[in-house]
Amino acid sequence: MTIHPFISTTALLTSIGATAQVPQLPRPRNCNGVGNFRFQYTTSNGWTAFKIAGNLRQVRTIVFDTKGNMLVAEASRGISVHTFGTDGCINGTSMLISASQLNHGLALTPDGRTLYASSETTAWSWDYNPDTRSVSNQKTVVRGMSTGIHFTRTIAVVPQQPNLILLQVGSNSNFDMDSARPSTGRAIIKIFDTSRAPSNGWNYNTDGEVYGYGLRNTIGFVPDPNGHFWGVENSGDVSKGKTNRGPNILTKTGLLPDRERATSGYSQRQPGRGAQLL
């Protein structure tokens, strides 16, 4: 599960009847040393929110490894790792990777042995050991991503083909008309085969395969059990002189491993403002 909470506040959401791919823990009622929620909130029926950590910096993405440890991407700080006690509360925290350039993307392969993280321009991989909560063998897998108004780079591993990653770059304006050309490398999601990456990494604009374009800023995406990826598509900041704070659009961005179908056609709307693969 990926959560994008407020800065310095991390909440763990649990649903009645939900299953997870990590060891089950009890629902914590009160974790020592953790303050109250900073903001008021409400939850849907069957859901409960518990605050389990604070004093984190710009939390962007959360993933769980195969041992149930929680890895957190903290923008401008790096990747922290958190272990849990039998009461469901965090009982240990350490920095897995200290790197100020890491700012959003974080993903693990299904076997939990390869970790990916990103900066505005580059995506890296590491060998990850969930038993020792350590990384080694850092490699550059993709480089040369364009800079612009959207600096986050979402990463997802294709579960059926874990050598493949999806990597996203947003638009450079609310109306990025040039992004109608995929060669700009903006408002786009591309596929890269990390098992074949050259020593200095793939070039984002000229390498890889187009998975979807016309996507203004797909800040997060996950696969469903059938292999379709669904993304949260952030729309324009301003509409007719007023700030647009409407709901995010859930965009179905194709089917993998059926890569031919995933890149065969597009319902192209306004460039950089959201499109949906056919």
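Given the structure is predicted, the values throughout are model-derived calculations rather than measurements.

## Structural notes on the overall build of the chain
Now for step 1: Across its full length, the chain holds 1 helix and 22 strands.
Now for step 2: Per-residue burial for the chain yields a buried fraction of 47% across its 278 residues.
Now for step 3: If you take every contact in the chain between residues at least 6 apart in sequence, the share linking residues at least 24 apart comes to 51%.
Now for step 4: A total of about 13,800 Å² of accessible surface is found on the chain, and carbon and sulfur atoms cover 47% of it.

## Let's talk about the state of the cysteines
Now for step 1: All told, the structure shown has 1 disulfide when counted by the stated rule.
Now for step 2: The partner cysteine of Cys31 in its disulfide is Cys89, sulfur to sulfur 2.0 Å. On the S-S bond that ties Cys31 to Cys89, the torsion sits near -90 degrees, and the link is left-handed. Placement of the pair is Cys31 in the loop between β1 (9–15) and β2 (47–54) and Cys89 in the loop between β5 (78–84) and β6 (90–98), with a sequence separation of 58 residues.
Now for step 3: A residue is classified by how much of its surface remains accessible, and Cys31, at 7% relative accessible area, is buried.

## A short note on the pattern of salt bridges
If the charged atoms of two oppositely charged side chains come close together, the side chains can form a pair.
Now for step 1: Summed over the entire model, instances satisfying the criterion amount to 4 salt bridges.
Now for step 2: With a closest N to O distance of 2.8 Å, Asp176 and Arg186 form a salt bridge. On the criterion of sequence distance, the pair formed by Asp176 in the loop between β12 (164–169) and β13 (188–193) and Arg186 in the loop between β12 and β13 is long-range, its members being 10 residues apart.
Now for step 3: It is possible to trace a salt-bridge network through shared partners that takes in Lys67, Arg113 and Asp131.

## Observations concerning the confidence of the model for the chain
Now for step 1: Residue-level pLDDT values for the chain average 79, and 76% of them are 70 or greater.
Now for step 2: Scored below 50 in pLDDT, residues 1–20 shows 56 contacts in the model against residues more than four places distant or in partner chains.
Now for step 3: The model gives residues 239–255 a pLDDT under 50, and that stretch makes 43 contacts with residues more than four places away or in other chains.

## Details of the sheet that holds β6
Now for step 1: The strand order across the open sheet formed by 4 strands is β3-β4-β5-β6, and the pairing between neighbours is antiparallel. Only two strands of the sheet have a single neighbouring strand rather than two, namely β3 (59–64) and β6. Between one strand axis and the next, the sheet turns through 25 degrees on average, direction left out of account.
Now for step 2: Across 7 bridges, β5 lies against β6 in antiparallel orientation.

## A short note on the packing of aromatic side chains
We describe a pair of aromatic rings using the distance from one ring centre to the other and the angle between the two ring planes.
Now for step 1: Scanning all chains against the criterion turns up 4 aromatic pairs.
Now for step 2: Members of the aromatic cluster, each reached through a chain of ring pairs, are Tyr211, Phe221 and Phe229.
Now for step 3: Stacked on the ring of Tyr204, the Lys or Arg Lys190 has its end atom at 5.5 Å from the ring centre.

## With respect to the side chain of Asp65
Now for step 1: Within the secondary structure, Asp65 sits in the loop between β3 and β4 (70–74).
Now for step 2: Here Asp65 sits buried without a salt bridge, and the closest side chain of opposite charge, Arg133, lies 6.8 Å off (N-O distance).
Now for step 3: Side-chain polar atoms of Asp65 contact the backbone nitrogen of Gly68, separated by 3.0 Å.
Now for step 4: Within the structure, Asp65 has its side chain in polar contact with the backbone nitrogen of Asn69 (distance 2.9 Å).

## Topic: the sheet that holds β12
Sheet strands pair by backbone hydrogen bonding; their relative direction is either parallel or antiparallel.
Now for step 1: In spatial order, the strands read β11-β12-β13-β15; together these 4 strands make up an open sheet with antiparallel pairing. Unpaired on one side and paired on the other, β11 (155–157) and β15 (209–213) mark the two borders of the sheet. With direction set aside, neighbouring strand axes in the sheet form an average angle of 25 degrees.
Now for step 2: Bridge count between β11 and β12: 3 bridges; the pairing is antiparallel. Across the sheet, the residue bridging to Val157 is Ile165, located in β12.

Analysis parameters
- Residues numbered from 1 in each chain as written.
- Predicted model: local features only at pLDDT ≥ 70, side-chain atom pairs only at ≥ 80, totals over all residues.
- Heavy atoms only, no water.
- Helix = DSSP H or I, 4+ residues; strand = E, 2+ residues; numbered from the N terminus.
- Buried < 20%, exposed > 50% of the residue type's maximum accessible area, 1.4 Å probe, protein only.
- Contact = heavy atoms within 4.5 Å.
- Areas by Shrake-Rupley, 256 points an atom, 1.4 Å probe, with all protein chains shown as cover.
- Disulfide = S-S within 2.5 Å.
- Salt bridge = Lys/Arg side-chain N within 4 Å of Asp/Glu carboxyl O.
- pLDDT = per-residue confidence, 0-100.
- Pairing = 2+ DSSP bridges.
- Axes fitted to C-alpha atoms, helices over the stretch in contact; angles between N-to-C directions.
- Phe/Tyr/Trp six-rings, centres within 6.5 Å; stacked < 30°, edge-to-face > 60°.
- Lys NZ or Arg CZ within 6 Å of the ring centre and 35° of its normal.
- Lys, Arg positive; Asp, Glu negative; His and termini not counted.
- Polar contact = N/O pair within 3.5 Å; in protein donor to acceptor, adjacent residues only side chain to side chain.

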